[in-house]
Structures are given as structure tokens and as C-alpha cells.
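# Coordinate inspection notes
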Amino acid sequence: MISPLHNTDTAYRDRSFGLVVFGVIEILIGGVLALMVPLSLLAWWVSGAQSSGLVSLRSILPMMVTYAIFAAVMIWLGIGTIRARRWARTLMLSLSRIWLVTGLFSLAITCFTLPGLVRIYGAGAGLPSGAVVVVMIIALVIAALIYVVLPGAFVFFFHSPHVIATCRASDPRRQFTDDCPPRILMLATLWVLMAVSVVIMPAYNWVFPFFGKLLSGTAGVVPWLVVFVGCCVLAVGSFRRRAWAWWGAVAATVAAAVSTVVTSIRVGPEETITALRLPDEQMHIMASFSWPGPWVISMFWIAVWASMLAYLFSVRRDFGEPPSNVND
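To keep things clear, this report deals only with the structure shown in the data block. (Residues numbered from 1 in each chain as written. Predicted model: local features only at pLDDT ≥ 70, side-chain atom pairs only at ≥ 80, totals over all residues. Heavy atoms only, no water.)

What follows deals with helix H8 (residues 243–266). The first and last C-alpha atoms of H8 sit 35 Å apart over 24 residues, in line with the 34 Å expected at 1.5 Å per residue. All buried positions along H8 are accounted for by Ala245, Trp246, Ala249, Val250, Thr253, Ala257, Ser259, Thr260, Val261, Thr263 and Ser264. Where the residues of H8 are buried, they touch helix H6 (182–197), strand S3 (208–210), strand S4 (213–215), helix H7 (218–239) and helix H11 (294–314). (Helix = DSSP H or I, 4+ residues; strand = E, 2+ residues; numbered from the N terminus. Expected span 1.5 Å × (residues − 1). Buried < 20%, exposed > 50% of the residue type's maximum accessible area, 1.4 Å probe, protein only. Contact = heavy atoms within 4.5 Å.)

Structure below.
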């Protein structure tokens, strides 16, 4: 269907049906995440993990909370998408872009760790080498779909000017996202996701890389709480486009870069794995990997934080400037 573009003379294709489809997908993703909460608890109970003490329970509860948070967010966004709300499109686009970028990093890490993981489980199950290869290929395909294909489809769809026009026509009222340029909104979303990620740190014994050494247990609680509060503050400040939020983001990124790079050089994978205090089976699996040298790991962190700094400098002019009318 060709319809007049809201407030312009340009025609656009009505994407209401596509919004319903993608909204349903978002709700289904949220439903799967919500289902992971009782399934995780059931798996812990059936496996008899309660007999191994608080370590297993400590590992499972933070993940359950994280699943519940993201389930609620995806269902909320899915309902907004079905109703063609402009705020839902904008937030989902920001979230999908972050999902895609982090998914590319995650896929690279999966390609490194998956072969060893499949070989270990395959040997334990007595699978022939051919079956191990098939399992590994299937796992990589699923990982590519989750990490790259699905977020890429969301980015492609929600970036469409026809989707933007459809949402404008359906929801012309002013929204809370209107005063925040899309690139700044993406940055604010990233800080929120970083704050949420702190929730899972109890599962990893609160291990914190602190300028060349590892803090863990009670010693790691305070710095992680500082990170949580800092991310929340930067999220609010970035959303409001305050200049201090940009400077704070640069300072925080530089500090995180120095801390993680120096720690990765001075602390080996073995010491890190020991500090995590994971269940014995997971410890055995992680210890069996052939981890890269400290300089390779440090270069990975340099690439991560350099990308973050590059993005911060690319959005510098948007802080304190009048709201942008660009919707991509």
C-alpha cells in the first residue's frame, strides 16, 4: 500500500504488517527468555546441583534475574512495535545495533571456544569424529543466526524509511525519545545494558580486573557497584545530552581500557579461571582450552575499548546540540 508520508509530499509503503511480524518475533524472544527462568531452576534441581553447595546456586540465580529483565524488555518492545509506536521502533533499532556489534564479537569468540568445547563433550559421550563435526557446524549456524542474522534483520527493518513513516503516521504524538538523537540514544542504551550486566557478576565470584590484579569475592563487590552506579548515571546524562556525560564516558572508557589491558598482561587465564570459582565441571572445561597468550587477549581488549572511544568521539557534537530530526 502506498500512503502519503506524514508531514511531507513523499509517498511511503505501509509497513504495519511488518511491524506486527517483528513485534511478534520480539514477544516470542521475550517468551523464550522468560521460559529460561523456570527451566534454569529446574535444570539446577534435576542435576542435583543443590548438593554442590552455594556455588551452583550462586551461578544460576543471577542468570535467572537477567533472563527475567530481558524478557520483560523484549515483550514490552514487542507490544510497542505491534502498535507501531515510534519509541518502540527507535529503542529496538538502538538495541538491535548494539546486539549486532556485540554479536559479531561473540561469534568470533564462539568460533574460538566451540571446537574445544564440542570435542570435550563429544569425547565424553563417545561420539565419532564425523558426528562431532556435524554438531559443531550446527552450533555455529545457530550462533550465527542468534548473533548476526537476527539482529541484522531487525536493524535492516527498523532502519527503513517506510517503517519510520508508518510509525509517524500511526503515532504522531510527541514521544520521550524525540529529544535524544538516535546515536546518543544508542549510547544511553549501551550504558543501561552495561549496568544490567553487573547483575550476573555474582555468578562469577565478583571477579574484577583492577589495574594488574584481580579482585574477587567481597573485594570485587564495591568496584562492581561503582560500575553499576556509574553506568546508570552516564545513561541518564547521555540521554539528556549533558556535556559532563560525554567527558565521564571518555574517562570511564580509558580507565576500563587501562585496567583490562594491564590485567590481561599480568594475570594469566589459569589464575582468572581459578578466581571465578565456577562449578567443577565448568572449571575443568575452561582449564582444558588452549587459551591465547596475554598479548593476544590484551589486543582484543584494545580493539574493544578503541571502538568505544571512536564511537564516543563520533557523537561528541550531538551533546548539547538541538534535537536531531533524523530518525535512523
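Per the counting criterion, the structure on display carries 16 aromatic pairs. Judged by centre distance (6.5 Å) and plane angle (40°), the rings of Phe208 and Phe210 are tilted. A connected cluster of aromatic rings, assembled from ring pairs, spans Phe22, Trp99, Phe154, Phe157 and Phe158. Positioned over the ring face of Trp246 is Arg316, at 4.7 Å from the centre of the ring. (Phe/Tyr/Trp six-rings, centres within 6.5 Å; stacked < 30°, edge-to-face > 60°. Lys NZ or Arg CZ within 6 Å of the ring centre and 35° of its normal.)

Right, let's get into the pattern of salt bridges. According to the stated counting rule, one finds five salt bridges in the structure shown. One salt bridge connects Asp171 with Arg173, and the closest N-O pair in it is separated by 3.7 Å. Judged by its relative accessible area of 1%, Asp171 is buried. Note that Arg183 and Asp318 form a salt bridge whose closest N and O atoms lie 3.0 Å from each other. Separated by 135 residues along the polypeptide, Arg183 in helix H6 and Asp318 in the segment after H11 bring together distant segments of the chain. For Arg183, a relative accessible area of 29% gives the class partly exposed. Using a relative accessible area of 10% as the deciding quantity, one classes Asp318 as buried. Each of Arg183, Arg317 and Asp318 takes part in one network of salt bridges that share partners. (Salt bridge = Lys/Arg side-chain N within 4 Å of Asp/Glu carboxyl O.)

What follows is about the environment of Ile98. Among the secondary structure elements, Ile98 is positioned in helix H3 (residues 86–125). Residues in contact with Ile98, not counting those within four places in the same chain, are Met186, Thr189, Leu190 and Leu193.

Our focus in this paragraph is H7. Taking 1.5 Å of rise per residue, the 22 residues of H7 would be expected to cover 32 Å, and the 32 Å separating its terminal C-alpha atoms lies within 8% of that figure. Residues of H7 that are buried: Gly220, Pro223, Trp224, Cys231, Leu234, Ala235, Gly237 and Ser238. Down the axis of H7, the buried set is contained in an arc of 165°. They therefore lie on one face. Away from its buried face, by an angle of more than 90 degrees, H7 presents the exposed residues Thr218, Val222 and Val226. Arg241, located one to two residues past H7, shows a positive phi value of around 60°. (Arc of directions from axis to C-beta.)

Don't take any of this as a statement about function, it's just geometry.
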